[in-house]
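The chain contents come next:
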Amino acid sequence: MNVAPLSTNQDLDPTRLREAFGIFPSGVVAVAAEVDGEPVGLAASSFTSVSLDPPLVSFSVANTSKTWPQLRRAAHLGVTILAAHHGDVCRQLAGPVGERFDGIDVTATEEGAVTLDEGLARFDCTIHREVEAGDHTIVLLELHAVEHADTSLPLVFHRSGFGRMAKPA
């Protein structure tokens, strides 16, 4: 075994960190809810499963987000795993607030969780816990319902852009 320190930029420049973090591909989800009678949502590329018992998932949101303070007021949140063809939808969900759901088919539960009709999987969740983590907040969500019907490939975020997975041989 070789023992040597990693060569590193000691000030951990944010641009270099973003590039290094971007090497790891991730899926993309829409997190949405009905707030004051209107759909409110955002796109997140930091989604991950956390626990089966209790059923928990998580995503991270920037502390500067103007959308999260609205979303967190909702009784339930919808999480939709986006499909490979949802690149434009993802950009739209990251765009101007008033146009985020224009032309997108969504369904809302009685509790206010909003999901995209064409998602690979859809979850009805409540906030389990929020954890401050530097310039982001990690949001743990408890699952109350899941629907998994689509077998398409997921949208992948990699090196600051969208890509697709290759179908298994």
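Let me sum up the structure you'll find in this document. Note that the structure is predicted; figures quoted are calculated from it, not measured.

**Focus on the overall build of the chain**
Phase 1: Within the chain, the secondary structure is distributed over 3 helices and 12 strands.
Phase 2: Once local pairs closer than 6 in sequence are excluded, the contacts in the chain between residues at least 24 apart make up 62%.
Phase 3: Carbon and sulfur atoms make up 53% of the accessible area of the chain, which amounts to about 10,600 Å² in all.

**Re the side chain of Thr126**
Phase 1: Structurally, Thr126 can be placed in strand 9 (residues 121-133).
Phase 2: Residue Thr126 is classed as buried on the basis of its relative accessible area of 18%.
Phase 3: In contact with Thr126, other than residues within four places in its own chain, are Ala75, His76, Leu140, Leu141, Glu142 and His144.

**A closer look at the side chain of His76**
Phase 1: Its place among the elements puts His76 in the loop between helix 2 (68-71) and strand 6 (77-81).
Phase 2: The class for His76 is buried, based on a relative accessible area of 14%.
Phase 3: Polar side-chain contacts of His76 include one of 2.6 Å to the side chain of Asp124.
Phase 4: For His76, the residues in contact, after removing those within four places along its chain, are Ala33, Glu111, Gly112, Ala113, Asp124, Cys125, Thr126 and His144.

**As for the pattern of salt bridges**
Phase 1: One pass over the full model with this rule turns up 5 salt bridges.
Phase 2: The salt bridge partner of Asp36 is Arg73, with a shortest N-O separation of 2.7 Å. Of this pair, Asp36 sits in the loop between strand 2 (29-35) and strand 3 (38-44) while Arg73 sits in the loop between helix 2 and strand 6; the two residues are 37 residues apart in sequence, bridging distant segments of the chain. For the pair formed by Asp36 and Arg73, the shared burial category is exposed.
Phase 3: A salt bridge links Asp88 to Arg91, with the shortest nitrogen-to-oxygen separation between them at 3.2 Å. Here Asp88 pairs with Arg91, and both are found in helix 3 (residues 87-93), just 3 residues apart, close to one helical turn.
Phase 4: Accessibility expressed as a relative area gives 61% for Asp88, which makes it exposed.
Phase 5: When its relative accessible area of 48% is taken as the criterion, Arg91 is described as partly exposed.
Phase 6: Each member of the salt-bridge network shares a partner with another, and the members are Asp117, Arg122 and Glu147.

How each quantity is defined
Residues numbered from 1 in each chain as written. Predicted model: local features only at pLDDT ≥ 70, side-chain atom pairs only at ≥ 80, totals over all residues. Heavy atoms only, no water. Helix = DSSP H or I, 4+ residues; strand = E, 2+ residues; numbered from the N terminus. Contact = heavy atoms within 4.5 Å. Areas by Shrake-Rupley, 256 points an atom, 1.4 Å probe, with all protein chains shown as cover. Buried < 20%, exposed > 50% of the residue type's maximum accessible area, 1.4 Å probe, protein only. Polar contact = N/O pair within 3.5 Å; in protein donor to acceptor, adjacent residues only side chain to side chain. Salt bridge = Lys/Arg side-chain N within 4 Å of Asp/Glu carboxyl O.

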